[in-house]
Amino acid sequence: MKRFAWLFAFGFVACGSVLVAQPTGCTPVAPGVVDGTFEAGSPWSAWTVQTSTNYGSPICDTGGCGTGGGTAGPFAGTNWAWFGGATAVETATAGQSVTIPSGSNLFLHFRLWIGSVSSPFTDTLTVSVDGLPQITYTEPATAEVGHTERYVDVSAFANGAAHALLFTYVGPTAGVGNFSVDSVELLSCTTPVELLQFSVE
């Protein structure tokens, strides 16, 4: 049996132990995402797209929305986007126009917490740019214990123009799924992912 230790610049690993891939050398891009922390307060005018089947808008503050029994809430401050939370079929969106400067290694960065899940685990949250889905997070079988960092590569749209950023949640059943989004920002990074060390036996 042999063990190999490799350094690898891209996170495509089929087996062995792997560190979580993430961009490195990142700095926020201005103006980037406006009110990405949602702390400007109601009606959160920077977020020009706000829809919800059951609530009108997915954007919340803890005073008005509560915390879903401790399974939803902001990463910081008192405001966040709470997707789901209904004991009914729910579709919701939150979006705004974001100027993505020219360059490479441009990432959308945010905190996501899927704090409540229920069978059949079919709820989804999709991040789109100009109507093109970039990534979809599917409701897991086990709830997460807190917010984690998420990165979405938007380098394909890095041309100095304004682009439509949209979060779209679809809860097709009456089960309660809580997808909390907070601290949304646009980053310019020096490398696409950190160097990874992994082993294969």
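Below, the structure is looked at part by part. For clarity, every value in this text was computed on a predicted model and none was experimentally measured. (Residues numbered from 1 in each chain as written. Predicted model: local features only at pLDDT ≥ 70, side-chain atom pairs only at ≥ 80, totals over all residues. Heavy atoms only, no water.)

## Brief notes about the pairing of strand β9 (residues 132–138)
Move 1: The pairing of strand β8 (residues 124–129) with β9 spans 6 bridges and is antiparallel. What sits directly across from Thr124, in β9, is Thr138.
Move 2: Connecting the antiparallel pair β8 and β9 is a turn made up of 2 residues, with Asp130 showing a positive phi of about 55 degrees. (Pairing = 2+ DSSP bridges. Helix = DSSP H or I, 4+ residues; strand = E, 2+ residues; numbered from the N terminus.)

## Quick notes on the side chain of Ser57
Move 1: Checked against the element boundaries, Ser57 lands in the loop between β3 (49–52) and β4 (59–61).
Move 2: Given a relative accessible area of 18%, Ser57 falls into the buried group.
Move 3: A polar contact of 2.6 Å, which involves the side chain of Ser57, links it to the side chain of Gln50.
Move 4: One polar contact links the side chain of Ser57 to the main-chain amide nitrogen of Ile59, over a distance of 3.1 Å. (Buried < 20%, exposed > 50% of the residue type's maximum accessible area, 1.4 Å probe, protein only. Polar contact = N/O pair within 3.5 Å; in protein donor to acceptor, adjacent residues only side chain to side chain.)

## Describing the pattern of salt bridges
Move 1: Across all of its chains, the model carries 2 salt bridges by this definition.
Move 2: Glu149 is the partner of Arg111 in a salt bridge, and the nearest nitrogen-oxygen pair spans 3.8 Å. Here the residue Arg111 occupies a position in strand β7 (residues 106–116), and Glu149 occupies one in strand β10 (residues 148–153), the gap between them amounting to 38 residues.
Move 3: The salt bridge involving Arg150 is made with Glu144; its shortest N-O contact spans 3.0 Å.
Move 4: For Arg150, a relative accessible area of 14% gives the class buried.
Move 5: With a relative accessible area of 23%, Glu144 lands in the partly exposed category. (Salt bridge = Lys/Arg side-chain N within 4 Å of Asp/Glu carboxyl O.)

No statement about biological role is implied by the geometric values presented.
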